[in-house]
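# Overview (structure and organization)
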Amino acid sequence: MGDNVVEVRGLWTVFGDLVVHRDLELSIRRGEVLSLVGGSGTGKTVLLRQILGLERPYRGSVQVFDVPIHDCDVRLFKKIRKRWGVLFQHGALYSALSVFDNVAMPLRELHAFDEDFIRDIVMLKLDAVGIDKRHEETMPADLSGGMVKRVALARALVLEPELVFLDEPTAGLDPDRSEGFVKLIRELHRQLTFTVSDRIAVLADQKVVVCGDLREVVAYDHPFIRNFFLGERGQRALSAVPALHAG
């Protein structure tokens, strides 16, 4: 595996007569932040689910931490799964559990810690994502969209994972809350000594058409890239990079 924690090779995704991915290649390096962007229907979430072992590709291989996710035994898969955290697109909080219990669940499932330790860890993670302790007994239905994202992020981080997957973390948020959540993620990454995003992979034409830093991606001539990075949010991202101008 070397420096790569995720290796996707020759991956095909097929639904009936529809080919979503064709010979897709992607790697994620240890210690980096990689953002996967693509238009609607390009299969970003499907690819994430395949990397997580929740869906099996039609063809090709996925290795995480040097383990073939779709061909390993159940015990090994469960062991590997504990090394990553996931923030799903809509948070995926358990509606019948409070904020505290949602974040505590991964710890409790290990049957290895007492409740005092679990409480300390949960409150630490809630504080890290900006959730005040007065909300620990709040139910998901009573949370704003931004708070749901933050609680879900706390749960994704509660086991101190080596690898974190964020599925469209700002989806469904208004612009102000979206920017705030991105700032939160950036600050958490700074605490872990890396920044948002080291590389960007662009999913189009049934494959990853380019993967590199922002300058390399913007320099790649493709209709989706031009449209994506010339939009308002794309222009803000470009303006944050010194000596990089679109046009």
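This one's a predicted model, so the numbers in the text were calculated from it and none came from an experiment.

Now for the packing of helix H3 (residues 99–109) against helix H5 (residues 145–157). Contact geometry for H3 and H5: axes closest at 7 Å, N-to-C directions at 25°. As judged from the angle between their axes, H3 and H5 are roughly parallel. In this structure, H3 crosses over H5, and the sense of that crossing is right-handed. Side by side, H3 and H5 meet where Val99, Asn102, Val103 and Pro106 of the first sit next to Val151, Ala154 and Arg155 of the second. Of the residues in the contact of H3 with H5, the class split is five nonpolar, one polar and one charged.

Here we have three strands laid out as an open sheet, ordered S3-S8-S9, and mixed in their pairing. The open sheet has two free edges, formed respectively by strand S3 (34–38) and strand S9 (207–212), since each of these has just one partner strand. When the angles between neighbouring strand axes are averaged without regard to direction, this sheet yields 20°. Of the strand pairs in this sheet, S3 and strand S8 (residues 199–204) are connected by five bridges, and their pairing is parallel.

Turning next to the packing of aromatic side chains. Under the definition given, this model contains four aromatic pairs. Taken together, a centroid distance of 6.0 Å and an interplanar angle of 85° make the contact between Trp84 and Phe165 edge-to-face. Of the two residues, Trp84 sits in strand S6 (residues 84–87) while Phe165 sits in strand S7 (residues 163–166), which places them 81 residues apart along the sequence. In this structure, Trp84 and Phe165 share a single accessibility class: buried. A cation over an aromatic ring shows up here: Arg59 above the ring of Trp12, its NZ or CZ 4.5 Å from the ring centre. Above the face of the Phe65 ring, Arg83 is positioned so that its terminal group lies 3.8 Å from the ring centre.

Attention now moves to the nonpolar core. Val64 and Trp84 are the most contacted members of the largest nonpolar core, which totals 27 residues. Among the elements that make up this core, the one with the highest residue count is strand S1 (residues 4–15) (four residues). Membership of the second largest hydrophobic core comes to 23 residues, among which are Leu93, Ile118, Val122 and Ile131.

The next thing to look at is the environment of Leu126. Along the chain, Leu126 turns up in helix H4 (residues 115–128). Here Leu126 falls in the buried class, since its relative accessible area comes to 1%. Here the alpha-carbon distance between Leu126 and Phe100, two residues 26 residues apart in the chain, equals 8.4 Å. Contacts of Leu126, omitting those with residues within four sequence positions, involve Val99, Val103, Ile131 and Ala154.

Calculation notes
- Residues numbered from 1 in each chain as written.
- Predicted model: local features only at pLDDT ≥ 70, side-chain atom pairs only at ≥ 80, totals over all residues.
- Heavy atoms only, no water.
- Axes fitted to C-alpha atoms, helices over the stretch in contact; angles between N-to-C directions.
- Helix = DSSP H or I, 4+ residues; strand = E, 2+ residues; numbered from the N terminus.
- Parallel < 35°, antiparallel > 145°, perpendicular 65-115°, else oblique.
- Left-handed = near helix turned anticlockwise from the far one by under 90°.
- Contact = heavy atoms within 4.5 Å.
- Nonpolar A, V, L, I, M, F, W, Y, C, P; charged D, E, K, R; others polar.
- Pairing = 2+ DSSP bridges.
- Phe/Tyr/Trp six-rings, centres within 6.5 Å; stacked < 30°, edge-to-face > 60°.
- Buried < 20%, exposed > 50% of the residue type's maximum accessible area, 1.4 Å probe, protein only.
- Lys NZ or Arg CZ within 6 Å of the ring centre and 35° of its normal.
- Core = buried A, V, L, I, M, F, W, Y, C linked by side-chain atoms within 4.5 Å.

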